Amino acid sequence: MLSKTSRWLTYLTAFLYAILGIILFVLPGQVAPVFAWKVSPFVTMTIGGWCLGNAWLAWISARRWEWRLVYSALAYLWLFGVLQLVVVIGFRDKLAPEHPIAWLYFAAIGANTVTAAVGVLDAVRGRPGKQEFGSAVGVSWRLMDVAFVLFVGFLGIYGALARLGAPGTNGGIFPEVLSLFTMRSFAAFYSSIALAAILLLRERNLRTYLHHSLASYGLIVAITAAALANLGTFDFAARPGGLIYLGAYLVVGIPLLFVFRSLGTGGREGGRPAR
């Protein structure tokens, strides 16, 4: 079982990400020049999308706070904080901590990491076991999860290993040239998503899948909104890889709306088992 301390730390993490995300998402042009490292307004807005998505995921998970329902979503949040902290430490010589927005970013990542440490300790001490409840997961869900892990996991590995000049850094997929710092930050984000989704491969309960999908939906909405707001940056004719970046979020996000309408969001019993 997770403690009250862990729950309130999750709420705190949600609050910090919400404040940071709003600033980065709404004021990317003003914030980009003074962010924690050198980034473009589009990257700033995208990081703001991550933060807004994390805020939603942390809040809805803390609100429901049932281990068997929220563990995989929390695993993503914990991994995100730890891996982003590793990236920041690895590129500490590139940091520009002069502006308060940089310190707000560090505070959010730091609170996230503390939340991860406390949550992991709670999970280890409580040793929560597998439980079966509600509708069972169908084969289609597992197949989609495998495909998702392979695709997003590839993005994470590629981002962690790519060097300057590789297609992922020179506008081949994301439509701007990325520094290695930014590329590794993207890699940490995608790796967190993939590793958390791996946990669902052994999950038997549909409600857990549905909660994970709902909790992650804020990321899909916010990142897609950032891409659409910067649609002019894409050149799909010259760099068709941009279709992968934008299309991947739409391919996942649109069908989930119909899933939520049909099966619910996992918060309470109801709906039909997936086939």
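Residues numbered from 1 in each chain as written. Predicted model: local features only at pLDDT ≥ 70, side-chain atom pairs only at ≥ 80, totals over all residues. Heavy atoms only, no water.

Asks: Which residues make up the environment of G29, and what values go with them?
Replies: Turning to its location among the elements, G29 is positioned in helix α2 (residues 28-31). C-alpha separation for the pair G29 and M45, spaced 16 residues apart in sequence, amounts to 8.7 Å. (Helix = DSSP H or I, 4+ residues; strand = E, 2+ residues; numbered from the N terminus.)

Asks: Break down the packing of helix α4 (residues 67-90) against helix α7 (residues 180-199) for me, with residues and values.
Replies: At a minimum axis separation of 8 Å, α4 and α7 run at an interaxial angle of 155°. What the angle tells us is that α4 and α7 run roughly antiparallel. α7 is crossed by α4, and the crossing has right-handed handedness. In this structure, α4 contributes Y71, S72, A75, Y76, L79, F80, L83, Q84, V87 and V88 to the contact, and α7 contributes F181, R184, S185, A188, F189, S191, S192, I193, L195, A196 and L199. Looking at side-chain class alone, the contact of α4 with α7 contains 15 nonpolar, five polar and one charged residues. (Axes fitted to C-alpha atoms, helices over the stretch in contact; angles between N-to-C directions. Parallel < 35°, antiparallel > 145°, perpendicular 65-115°, else oblique. Left-handed = near helix turned anticlockwise from the far one by under 90°. Contact = heavy atoms within 4.5 Å. Nonpolar A, V, L, I, M, F, W, Y, C, P; charged D, E, K, R; others polar.)

Asks: Please give an account of unusual backbone geometry that cites residues and values.
Replies: Unusually for a residue other than glycine, W65 sits at a positive phi of about 45°. Assignment of secondary structure puts W65 in the loop between α3 (41-64) and α4.

Asks: Lay out the packing of aromatic side chains with the relevant residues and their values.
Replies: Aromatic ring pairs are reported here in terms of the distance separating the ring centres and the angle at which the planes meet. Tallying each qualifying case throughout the model produces 29 aromatic pairs. With a centroid separation of 6.2 Å and an interplanar angle of 85°, the aromatic rings of F80 and F189 are classed as edge-to-face. Separated by 109 residues along the polypeptide, F80 in helix α4 and F189 in helix α7 bring together distant segments of the chain. Assessed through its relative accessible area of 1%, F189 is described here as buried. (Phe/Tyr/Trp six-rings, centres within 6.5 Å; stacked < 30°, edge-to-face > 60°. Buried < 20%, exposed > 50% of the residue type's maximum accessible area, 1.4 Å probe, protein only.)

Asks: Describe α7, listing the residues and the values that go with them.
Replies: Between the first and last C-alpha of α7 there are 29 Å, a value that for 20 residues agrees with the 28 Å anticipated at 1.5 Å per step. Of all the 20 residues making up α7, 17 are buried; the element is thus mostly covered by neighbouring parts of the structure. (Expected span 1.5 Å × (residues − 1).)

Asks: Tell me what's going on with helix α6 (residues 139-161), and back it up with residues and numbers.
Replies: Since the α-helix turns once every 3.6 residues, residues separated by three or four places project in the same direction. The end-to-end C-alpha distance of α6 is 33 Å, a good match for the 33 Å that 23 residues give at a rise of 1.5 Å each. Taken together, the buried positions of α6 are W141, D145, V149, V152, G153, L155, G156 and G159. Those residues of α6 that are buried lie in contact with α7, α8 (206-229) and α9 (241-263).

Asks: Residue-level account of the side chain of S191, with values.
Replies: Among the secondary structure elements, S191 is positioned in helix α7. When sequence neighbours within four positions are dropped, the list of residues in contact with S191 reads L83 and G156.

Asks: Tell me about the nonpolar core, and please be specific about residues and values.
Replies: Nonpolar side chains in soluble globular proteins generally cluster together in the buried interior. Among the nonpolar cores identified, the biggest contains 64 residues, and I47, Y76, Y105, F189, Y190 and Y245 are the most heavily contacted of them. Going through the elements one at a time, α1 (4-26), α3, α4, α5 (100-126), α6, α7, α8 and α9 are the ones with two or more residues in this core. By residue number, the principal contributor to this core is α7, which donates 10 residues. Once residues lying within four places of it in the same chain are set aside, the contact partners of Y190 are V152, L155, G156, Y245 and Y249. Formed by 18 residues, the second largest nonpolar core is a distinct cluster that contains L69, Y71, Y209 and L210. (Core = buried A, V, L, I, M, F, W, Y, C linked by side-chain atoms within 4.5 Å.)

Asks: Provide a residue-level description of the environment of V137, including the pertinent values.
Replies: As for its placement among the helices and strands, V137 is situated in the loop between α5 and α6. Once residues lying within four places of it in the same chain are set aside, the contact partners of V137 are R142, E203, R204, N205, L206 and Y209.

Asks: Which residues make up the environment of L180, and what values go with them?
Replies: Positionally, L180 belongs in helix α7. Dropping the residues within four chain positions of it, L180 is found in contact with F91, A162, R163 and L164.

Everything listed is a geometric property; what it means functionally is a separate question.
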